[in-house]
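Overview (structure and organization)
In case you want the letters, here they are:
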Amino acid sequence: MSRSAHPAGPRHADVLPEGHYSAPPADLNALDPKVWSETVTRNQDGVLTVGGIDVKRLAEEFGTPAYFLDEADFRARARAWRTAFGDDADVFYAGKAFLSRAVVRWLHEEGLNLDVCSGGELATALSAGMPVERIAFHGNNKSSAEIRRAVEAGVGRIVLDSFQEIVRVAHIAQELGKRQRVQIRITVGVEAHTHEFIATAHEDQKFGIPLAGGQAAEAVRRALQLDGLELIGIHSHIGSQIFDMSGFEVAAHRVVGLLKDIRDEHGVELPEIDLGGGLGIAYTSDDDPREPHEIAKALTEIVTRECDAARLTTPRISVEPGRAIVGPTAFTLYEVGTVKPLDGLRTYVSVDGGMSDNIRTALYDAEYSVALVSRSSEAEPMLCRVVGKHCESGDIVVRDAFLPGDLAPGDLIAVPATGAYCRSMASNYNHVLRPPVVAVGGGEARVIVRRETEEDLLRLDVG
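Residues numbered from 1 in each chain as written. Predicted model: local features only at pLDDT ≥ 70, side-chain atom pairs only at ≥ 80, totals over all residues. Heavy atoms only, no water.

**As for the pattern of salt bridges**
Here the structure, examined in full by the defined rule, presents 27 salt bridges. For glutamate 249, the salt bridge identified is with arginine 305, shortest N-O distance 2.6 Å. Of the two residues, glutamate 249 sits in helix α8 (residues 246-266) while arginine 305 sits in helix α9 (residues 292-310), which places them 56 residues apart along the sequence. Judged by relative accessible area, which is 35%, glutamate 249 ranks as partly exposed. Residue classification places arginine 305 among the partly exposed positions, given a relative accessible area of 40%. Between arginine 346 and aspartate 400 there is a salt bridge whose closest N-O contact spans 3.1 Å. Here arginine 346 is found in strand β15 (residues 346-351), whereas its partner aspartate 400 is found in strand β18 (residues 396-404), with 54 residues between them in sequence. (Salt bridge = Lys/Arg side-chain N within 4 Å of Asp/Glu carboxyl O. Helix = DSSP H or I, 4+ residues; strand = E, 2+ residues; numbered from the N terminus. Buried < 20%, exposed > 50% of the residue type's maximum accessible area, 1.4 Å probe, protein only.)

**Concerning unusual backbone geometry**
Here the amide bond leading from threonine 64 into proline 65 is cis, since omega sits at -10 degrees, within 30 degrees of zero. With respect to the helices and strands, proline 65 occurs in the loop between α1 (55-62) and β4 (66-70). Residue aspartate 365 is not a glycine yet carries a positive backbone phi of 60 degrees. Turning to its location among the elements, aspartate 365 is positioned in the loop between α11 (360-364) and β16 (371-372).

**Overview of the packing of helix α2 (residues 71-85) against helix α3 (residues 101-110)**
The interhelical angle for the contact between α2 and α3, taken along N-to-C directions, is 40 degrees, at an axis separation of 10 Å. By the criterion of interaxial angle, the relationship of α2 to α3 is oblique. Taken as a pair, α2 and α3 cross one another with a handedness that is right-handed. Judged by residue contacts, Glu71, Phe74, Arg75, Ala78, Arg79 and Arg82 of α2 engage Val103, Trp106, Leu107, Glu109 and Glu110 from α3. Class assignment of the residues belonging to the contact of α2 with α3 gives a composition of five nonpolar, no polar and six charged. (Axes fitted to C-alpha atoms, helices over the stretch in contact; angles between N-to-C directions. Parallel < 35°, antiparallel > 145°, perpendicular 65-115°, else oblique. Left-handed = near helix turned anticlockwise from the far one by under 90°. Contact = heavy atoms within 4.5 Å. Nonpolar A, V, L, I, M, F, W, Y, C, P; charged D, E, K, R; others polar.)

**Side note on the environment of alanine 212**
Mapping alanine 212 onto the fold places it in the loop between β10 (209-210) and α7 (215-225). Taking the relative accessible area as the measure of exposure, alanine 212 reaches 40% and is therefore partly exposed. Between the C-alpha atoms of alanine 212 and arginine 423, which are 211 residues apart in sequence, the distance is 37 Å.

Set out below in structure tokens:
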């Protein structure tokens, strides 16, 4: 069930009315393959394993909380997207979902491109050896220093987000004696069926140049006149966690309409169209995401149909899955610290992490699943709220869930589908240390982003 964020922030321990939440699952020990990654299962003792290693062993070696990333699952999803779109389209992994040097190397090996949106993400991509021509640089307010570094490095495209940025990129490119390949990001007036905080294509928001009122057409005119720019296409992104393709159909119709206007006015057919990302994943069993091959078929048919109607050559399509690749590949492992029953209400289960490692529940009212993973249990289900250790009443990891009634301190529980945005948006609230990211596969586990230490915190505190 969707919720809107409270205008004053998270409600203070709001109590759900009877019947608001779903009924408990028939088997609390079952693992829904829609929600968990490919190699996750339970061993004969009921302990969850990933990549052939059980979580009790992982907790002993790497501690909790920690993100465990199923490398085989990540690679399989990357390949599925690459295969679905084939050689006539480009798949750019959206690095904002989660980026590390190991991930960059996996993307390179699996044939995907990379979308970055900050100097730090660009530095990570370059340091890990991603070919620069396969990097796209996004962002609504890129600094001159970031633009200069991107142009000097030779990134394959920069996505222009404003009139000022058109001039800024052109000026820097000319200074460097280069002609930078660019796309113009437009807002097409389509609001995807998603949470209002993560919908990005209606006009009243910070991203892109509106199609309405002729602003996008004027941006194209200016870009085509500047020697430092090579305009290769139009970019559109309509939101996040989208399951319904109808929004893409409307967006494609309007983008192709702009391409037709560009041809008619300038005699130029732009060769590329980027439809962004935002495809949803399963956070709970109620979610029903589409497979990459279904998405590829639908988007290709939509663009081809619209271009045929406009008598345009069909441009090369780009897409930007981030969450759809990395989201389902990881889970966060926690140790239960306190179990606090509130008679007639629910049981609060406190874990050793919280909003510092997953802000999405507090920020977006995001819904997650959770399971007891250090053992199986035949106990009756109890309605729980999984909360963190922070001094904040809105510090909620899973708002409503059923866990076994014999849950106790020291048990390990795991929240699946935390590969996207959890580590990327992690913080040091209350000076809590950010967890590590551990890649697991083939019976081996290795840290790809290490756990922060107190020394790391104090090293930045120069006072």
